[in-house]
Amino acid sequence: MTASPDLGTHRPATPELLRSVFRRHAAGVAVITAHGTRPAGFTATSLTSVAAEPPLVSFGVGTGSSSWPVLAEAGHVGVHILGEHQQELAATFARSGADRFAPPTRWYPGPHGVPVLQGVLAWMVCRVVARVPAGDHRLVLAEAVAGDPGGDGRPLLYHQGRFNGLRD
């Protein structure tokens, strides 16, 4: 077996290394919402389909985020898949200190009182089944209970620190 010529160029694992590696990973863009004493939400690129039976998803949320206090107590969350036409919506839900549910954001109270965003490619309301500590984040595991996959358009992606659409 021969050694890879790249072995001498590795860097020690740090938070910056993780960020640098994942900037190269294209990810779909979702918005997670919840309702407590107020509606809360954030842009997520960590959404994962976990299982089909039962229908489970997961996502990560920082415990220092403004949405965490609501998500920490919420029994249900909304999962919204954004379209490439929704870059500004993604930016609004990613922006610290923004009133994310003020116009021009269009939403309504959905199943279990969860804020459902209008105009998205697809959405689900999910029952939270676990919040797993993971460093400065929590990995939330949730089971889908309702939804609508019927939106039109192509998905919004996040890559190299920017929102992008698919290219053919």
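Criteria and thresholds
Chains are numbered independently. Their residues run from 1 in the order of the written sequence. Since the coordinates come from a predicted model, pLDDT governs what is reported: local features require at least 70, and pairs of side-chain atoms require 80 or more to be given and counted, while whole-chain, interface and lining totals use all residues. Hydrogens are left out, water is left out, and the side-chain values use all remaining heavy atoms of the structure. What counts as a helix is a DSSP run of H or I of at least four residues, what counts as a strand is a run of E of at least two, and both are numbered from the N terminus. We compute the radius of gyration from the C-alpha atoms alone; for a globule the expected value is 2.2 Å times N to the 0.38, where N is the number of residues. The method behind every accessible area is Shrake-Rupley, applied with a 1.4 Å probe, and residues are considered shielded solely by the protein chains displayed. Residues scored as positive are Lys and Arg, those scored as negative are Asp and Glu, and His as well as the terminal groups of each chain are ignored. A charged residue contributes its charge at one atom only: NZ of Lys, CZ of Arg, CG of Asp or CD of Glu. Take the buried residues of types Ala, Val, Leu, Ile, Met, Phe, Trp, Tyr and Cys, join any two whose side-chain atoms come within 4.5 Å, and each joined set is a nonpolar core. Three exposure classes are used, based on accessible area relative to the maximum for each residue type with a 1.4 Å probe and protein chains only: buried under 20%, partly exposed in between, and exposed over 50%. Contact criterion: two residues are considered in contact whenever any of their non-hydrogen atoms come within 4.5 Å of each other.

1. A word on the overall build of the protein chain
The secondary structure content of the protein chain amounts to three helices and twelve strands. Computed over its C-alpha atoms, the radius of gyration of the protein chain comes to 17 Å, within 12% of the 15 Å expected for a compact globule of 168 residues. Expressed along its principal axes, the backbone C-alpha trace of the protein chain runs to roughly 60 × 35 × 35 Å. Split by element, the accessible area of the protein chain, about 9,800 Å² in all, is 56% carbon and sulfur. Separation between the mean location of the 14 positive side-chain charges and that of the 12 negative ones in the protein chain comes to 7 Å.

2. Side note on the nonpolar core
The biggest cluster of nonpolar side chains holds 19 residues, and the ones touching the most others in it are I32, F42, L71, V77 and C126. For this core, the secondary structure elements donating two or more residues are β2 (30-35), β3 (39-44), β5 (56-62), α2 (68-73), β6 (76-81), β9 (122-134) and β10 (137-148). When neighbours within four sequence positions are excluded, F42 is seen to be in contact with A30, V31, I32, F59, G60, V61, S67, L71 and F93. Listed in part, the 16 residues of the second largest apolar core include L82, L89, A90 and W123.

3. Looking at the environment of Q118
The topology assignment puts Q118 in the loop between β8 (115-117) and β9. In sequence terms Q118 and Y108 are ten residues apart; their C-alpha atoms lie 7.7 Å from each other. Setting aside its immediate chain neighbours within four residues, Q118 contacts Q86, R106, W107 and Y108.

Everything listed here is a matter of geometry and, on its own, says nothing about what the molecule does.
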